[in-house]
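# Descriptive analysis of the structure
So you can see what is in the structure, the chains are spelled out below.
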Amino acid sequence: RAAEGKSPLQLDSPPPRADLATFTRNETRFRMVEHIDRQRAQELLDAARADVRRRYKAYEMLAQASPNGQAPAPPAPSAPAAAGDGE
């Protein structure tokens, strides 16, 4: 991929869609934490959700990076509409 000028990383899965809470409710180890301290379990769940989002965004950025490791250039700002463009 790098020889073709493409990013070496290609994401092959979409962003996570399943709710993490559904997964944790089906796992005894997580249910035990909720049973012992419901507030702490919710804090940990919120932190885990944020971590999932942060990690996926990092993977997206890596997949968009150029082969030389540089981040892609931000898109150029759109030019303002000229007077008389029908608007």
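The preceding data block contains the structure.
The structure presented is a predicted model; accordingly, all values stated were derived computationally and were not measured.

## Observations concerning the overall build of the protein chain
Scanning the protein chain for helices and strands turns up 3 helices and 0 strands. When the helices and strands of the protein chain are listed from N to C terminus, the series reads α-α-α. For the protein chain, buried positions account for 8% of its 87 residues. Sequence-distant contacts, at least 24 apart, represent 60% of the contacts inside the protein chain between residues at least 6 apart. Here the protein chain has roughly 7500 Å² of accessible surface; of this, 55% comes from carbon and sulfur atoms.

## Topic: a nonpolar patch on the surface
Taken together, Leu-9, Leu-11, Tyr-59 and Leu-62 make up a surface patch of nonpolar side chains, about 330 Å² in accessible area. Mapping Leu-62 onto the fold places it in helix H3 (residues 38–64).

## Notes on the pattern of salt bridges
Throughout the structure, instances matching the rule amount to 7 salt bridges. Within this structure, Asp-19, Asp-46 and Arg-49 form a network of salt bridges that share partners.

## Examining the environment of Arg-31
Relative to the helices and strands, Arg-31 resides in helix H2 (residues 28–36). By relative accessible area, which is 39% here, Arg-31 ends up partly exposed. Linking Arg-31 and Ala-41, residues 10 residues apart in sequence, is a C-alpha distance of 8.6 Å. When sequence neighbours within four positions are dropped, the list of residues in contact with Arg-31 reads Thr-24, Arg-25 and Asn-26.

Reading the values: the criteria
- Residue numbers restart at each chain and count upward from 1, following the sequence in its written direction.
- With pLDDT at 70 or above as the cut-off, local features in this predicted model cover only qualifying residues; side-chain atom pairs require 80 or more to be listed or tallied, and sums for whole chains, interfaces and linings still use all residues.
- Side-chain descriptors were evaluated using all non-hydrogen atoms of the structure, hydrogens and water having been removed beforehand.
- The helix count covers DSSP runs of H or I at least four residues long, the strand count covers runs of E at least two residues long, and both are numbered beginning at the N terminus.
- For every residue, the accessible area obtained with a 1.4 Å probe (protein chains only) is divided by the maximum for its type, and the residue is called buried under 20%, exposed over 50%, and partly exposed between those limits.
- The contact criterion used throughout is that any non-hydrogen atoms of two residues lie within 4.5 Å.
- Methods summary: accessible areas were calculated by the Shrake-Rupley approach with a probe of 1.4 Å, and residue burial reflects only the protein chains presented.
- For patch building, the residue pool is restricted to those with more than 30% relative accessible area and no salt bridge; the joining distance is 9 Å between like charges and 5 Å between nonpolar side chains (Val, Leu, Ile, Met, Phe, Trp, Tyr).
- Here, a salt bridge means any Lys or Arg side-chain nitrogen found within 4 Å of an Asp or Glu carboxyl oxygen.

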